[in-house]
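These are the residues of each chain, in order.
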Amino acid sequence: MMSSASVSPVEQIAPPVELSKPLTIDERQLMTPGPTNVSQRVLRACGLPVVNHMDPQFFKVLNTFTNLNENDGYNKTTVIMISPYVQVLRDVSAGIRYVFQTRNQYSLAITGSGTCAMEAAICNLLERGDTFLVLSHGLWGERVAIIGRKRGYNVVELKIGKLGDVFSLKQIEEAIVEHKPKVLYVCHGDSSVGTLQPMDNIGRVCHQNGCLLLVDAVVSLCSAPLDTDRLDIDVVYCAAQKALSGPPGVSMISLNDRAVQHVKNRRTDVDSYYMDINWLAKAWGLDDDNNHQFVYHYTPAVSLMYGLREALAMVAEEGISRTVDRHMKSSLIVQKHISSLGLKFLVEKPEHRLPPILSVLIPNDVNGNEVIKHLLDFYNITIAGGLGPTAGKIWRIGFLGVNANDQSVGVLCRALSDAIADQRKKSPKL
Ligand SMILES: Cc1ncc(COP(=O)(O)O)c(C=O)c1O
């Protein structure tokens, strides 16, 4: 028997057998509300060598920057000296401005999923006791309301009368006038029900009433038109794993000057370290007050940031209008096919359907779970069921990012026809 002195305490527990096996993951066609499949190009970028985001060279160089928003704000000699990671930050920031269609200086990515960006947005904009008006089409409004209550805001949740409907401008205006919120939350595309909330004039109504407009574009960004500056949106956020086909675990946020000033004028300090936009802006070299110097905030998910950079580059190469059109075209193909099968949508009005995620009512003569299983077993395709009140009542079928193309949706349509016909054959009286 070994003496206890010769055995390190960390070795008292044997290495787990599970970890002795290599990790294998079979690729599936992810036709869900996300995450979607990640392209080889993005995966390759994620595998690039990790660099130190605190490269000393990087500090030396960045003191010379004057205007990080302008491509001509620095000379060529300086560009050559930029550390690779700083270049990634600059590229990502520019890419975020492009996909959100905004000139907002504060445009950056956060190491954390869409929920992290959601929480970051509200914890910067709101203070304890502030009124927070939430338009709730489904799960995401409910989630932001839960986070708001946890944080001690006075949350007013306006629930949609019927799932699958959207709010009218009149309803929104009346609620703002009645409750006088500091911030209004709107989920542009709600993936839990498949709605696309019209955004025109909501910004105007908010600002006429001294309220900031916060938009959740986690799913709608690049899959439906969303012009942040034209719509006068104060804060908007998104996540990489949806229409960008990026890696899950990173999100993007953009704040306009009105929102930034609002944060700077808070009565109390932002009650989060990780999500404090003042710190984030410094870490991204975006803060005028800090002379655009990059400071250490936390260690970012460097590899995911490479992947996000590449996903943004792919949209920039395609052009955002074409990316949005591609999602719309795929959506029209699938909608037509679903209608031809005699199926109905939860969202009745086609113009209120979120293009890349269709919520389809499961017909009475079909076992919804069996259809999901059939698609997986025979076609290697994953679709999703409903959540909460729609569980067992709808399928949610998505074709985001790399899956929004004629070939993928063609296979999906054929697979759906087959799965439904198979069910009808097996249980005709269901
Ligand atoms: C509209 C919307 N908002 C927020 C989220 C939360 O994002 P995440 O799951 O990345 O935290 C999702 C996720 O699907 C979403 O669809």
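Looking up the protein chain in an unreviewed UniProt entry gives the name Alanine--glyoxylate aminotransferase, with the organism given as Medioppia subpectinata. What the UniProt record of the protein chain gives under Sequence similarities (unreviewed entry) is the line "Belongs to the class-V pyridoxal-phosphate-dependent aminotransferase family." Recorded under Cofactor (unreviewed entry), the UniProt text for the protein chain is reproduced unchanged: "pyridoxal 5'-phosphate".

Peer 1: A description of the overall build of the protein chain should follow, citing residues and the corresponding values.
Peer 2: A tally of helices and strands in the protein chain yields 14 helices and 14 strands. Over its C-alpha trace the protein chain gives a radius of gyration of 24 Å, about what one expects of a compact globule, namely 22 Å for 430 residues. Structurally, the protein chain occupies a C-alpha span of about 75 × 75 × 50 Å along its principal axes. For the protein chain, the proportion of its 430 residues judged to be buried stands at 45%.

Peer 1: Help me get a handle on the sheet that holds strand S8 (residues 212-216), residues and values and all.
Peer 2: Read across the sheet, seven strands follow the order S2-S10-S9-S8-S5-S3-S4 without closing on themselves; strand pairing throughout is mixed. Here the strands that pair on one side only, and so sit at the sheet edges, are strand S2 (106-111) and strand S4 (154-159). In this sheet, neighbouring strand axes are inclined to one another by 20 degrees on average, regardless of whether the strands run parallel or antiparallel. Bridge count for S8 against strand S9 (residues 235-239) is three bridges, and the pairing is parallel. When the bridges of S9 are listed, Val215 appears paired with Val236. Where helix H6 (residues 139-150) meets the sheet, its contacts fall on strand S3 (131-136), S4, strand S5 (183-187) and S8, and the angle it forms with S3 comes to roughly 160 degrees.

Peer 1: Mind laying out the site of the ligand, listing which residues take part and the relevant values?
Peer 2: Lining the immediate environment of the ligand, one finds 15 residues, of which Ser113, Gly114, Thr115, Ser191 and Val218 sit closest. Mapped by element, the contributors of at least two residues to the shell around the ligand are helix H5 (114-125) and strand S6 (189-190). A per-element tally of the shell around the ligand places H5 first, with three residues. Considered class by class, the residues forming the shell around the ligand number seven nonpolar, six polar and two charged.

Peer 1: Quick one: what's the story with the UniProt feature "modified residue: N6-(pyridoxal phosphate)lysine" (unreviewed entry) in the protein chain, residue by residue and with numbers?
Peer 2: Under the UniProt annotation, the feature "modified residue: N6-(pyridoxal phosphate)lysine" (unreviewed entry) is placed at Lys242. Checked against the element boundaries, Lys242 lands in the loop between S9 and strand S10 (250-255). For Lys242, a count of 28 C-beta atoms within 10 Å translates into the label buried. Those residues in contact with Lys242 that sit more than four places away from it in its chain are Gly34, Thr36, Val218, Val219, Leu400 and Gly401.

Peer 1: I'd like to hear about the domain arrangement of the protein chain, residue by residue, with values.
Peer 2: Assigned domains within the protein chain: domain 1 (41-317) and domain 2 (319-426). If you average the C-alpha positions of domain 1 and of domain 2, the two centres end up 29 Å apart. Across the contact, 25 residues belong to domain 1 and 23 residues belong to domain 2. Taken together, the residues of the side of domain 1 that touches domain 2 break down into 14 nonpolar, nine polar and two charged.

Peer 1: Requested: an account of the sheet that holds strand S13 (residues 384-385), with residues and values cited.
Peer 2: Read from one edge to the other, the open sheet built from three strands follows the order S11-S14-S13, with strand pairing classed as antiparallel. For this open sheet the edge positions go to strand S11 (357-361) and S13, each flanked by a neighbour on one side alone. Strand direction decides the pairing type here: S11 and strand S14 (residues 394-398), joined by five bridges, are antiparallel. Residue Val360 lies in a different strand from S14, and its bridge partner there is Trp395. Lying over the sheet, helix H12 (residues 320-340) contacts S11 and S14, oriented at roughly 10 degrees with respect to S11.

Peer 1: Could you give an account of helix H13 (residues 368-379), naming the residues involved and the relevant values?
Peer 2: Its 12 residues place the ends of H13 16 Å apart at the C-alpha level, agreeing with the 16 Å of an ideal helix rising 1.5 Å per residue. Listed as buried for H13 are Gly368, Val371, His374 and Leu375. The arc that holds the buried residues of H13, viewed along the axis, is 115 degrees, so those residues lie on one side. Across from the buried face of H13, at angles greater than 90 degrees, the exposed residues are Asn369, Lys373 and Asp377. Looking at the buried residues of H13, the elements they touch are strand S12 (381-382), S13, S14 and helix H14 (406-426). The positive-phi residue at the C-terminal boundary of H13 is Asn380, with phi of around 60 degrees.

Peer 1: Just give me the short version of the pairing of S9, but keep the residues and values in it.
Peer 2: Two faces belong to every sheet, and in a regular strand the side chains alternate between them. Among the five residues that make up S9, five are buried, leaving the element largely enclosed by the rest of the structure. Residues Val235, Tyr237 and Ala239 line one face of S9 and the alternating positions Val236 and Cys238 line the opposite face, and both faces are buried. Alignment of S9 against S10, held across five bridges, turns out to be antiparallel. Within the sheet, the bridge partner assigned to Cys238 lies in S10 and is Met252.

Peer 1: Give me the environment of Asp232: which residues, what numbers.
Peer 2: Locating Asp232 in the fold gives a position in the loop between S8 and S9. Look at Asp232 and you get partly exposed, because 17 C-beta atoms sit within 10 Å. As a C-alpha pair, Asp232 and Asn403 span 171 residues in sequence and 31 Å in three-dimensional space. In contact with Asp232, other than residues within four places in its own chain, are Gly203, Arg204 and His207.

Peer 1: Requested: an account of the packing of helix H4 (residues 84-100) against helix H11 (residues 302-318), with residues and values cited.
Peer 2: Two numbers describe a pair of packed helices, the interaxial angle and the distance between the axes. Orientation of H4 relative to H11, taken along the N-to-C sense of each, is 45 degrees, at an axis distance of 9 Å. As far as their axial angle goes, H11 and H4 are oblique. For the pair H4 and H11, the crossing hand works out as left-handed. Across the interface between the two elements, Tyr85, Val88, Asp91, Val92, Gly95, Tyr98 and Val99 from H4 touch Val302, Met305, Tyr306, Leu308, Arg309, Leu312, Ala313, Val315 and Ala316 from H11. Residues belonging to the contact of H4 with H11 are distributed by class as follows: 13 nonpolar, one polar and two charged.

Rules behind the numbers
- The residue numbering used here restarts from 1 in each chain and proceeds along that chain's sequence as written.
- Owing to the predicted nature of the model, reporting of local features is limited to residues with pLDDT of at least 70; listing and counting of side-chain atom pairs is limited to 80 or more, with chain, interface and lining totals taken over all residues.
- UniProt positions are given in the numbering used here, feature names are shortened, and annotations may be inferred rather than shown by experiment.
- Elements are defined by DSSP. Helices are runs of H or I of four residues or more, strands are runs of E of two residues or more, and each kind is numbered from the N terminus.
- Each radius of gyration reported is based on C-alpha atoms, and the globular scaling rule is 2.2 Å times the count of residues to the power 0.38.
- Backbone-placed C-beta atoms define the burial measure: a residue is buried with 20 or more other C-beta atoms within 10 Å of its own, exposed with 12 or fewer, and partly exposed in between.
- Following DSSP output, two strands are said to pair if at least two bridges run between them.
- Think of each axis as a best-fit line through the C-alpha atoms, taken over the contacting stretch in the case of a helix, with angles from 0 to 180 degrees between the N-to-C directions.
- Distance between backbone-placed C-beta atoms decides contact: two residues are in contact if it is within 7 Å.
- Nearness rests on one distance test: the residue's C-beta atom, set from the backbone, must lie within 6 Å of the molecule or strand.
- Basically, the charged four are Asp, Glu, Lys and Arg, the nonpolar ten are Ala, Val, Leu, Ile, Met, Phe, Trp, Tyr, Cys and Pro, and anything else, Gly included, counts as polar.
- Where a domain begins and ends is set by an automatic assignment or by a domain database.
- To estimate the expected span of a helix, count its residues, drop one, and scale the result by 1.5 Å.
- Here the arc refers to the set of directions running from the helix axis out to each C-beta atom.
- Angles below 35 degrees are treated as roughly parallel, those above 145 as roughly antiparallel, those between 65 and 115 as roughly perpendicular, and all remaining angles as oblique.
- Left-handed describes a crossing whose near helix is turned anticlockwise from the far helix by less than a right angle; the clockwise case is right-handed.

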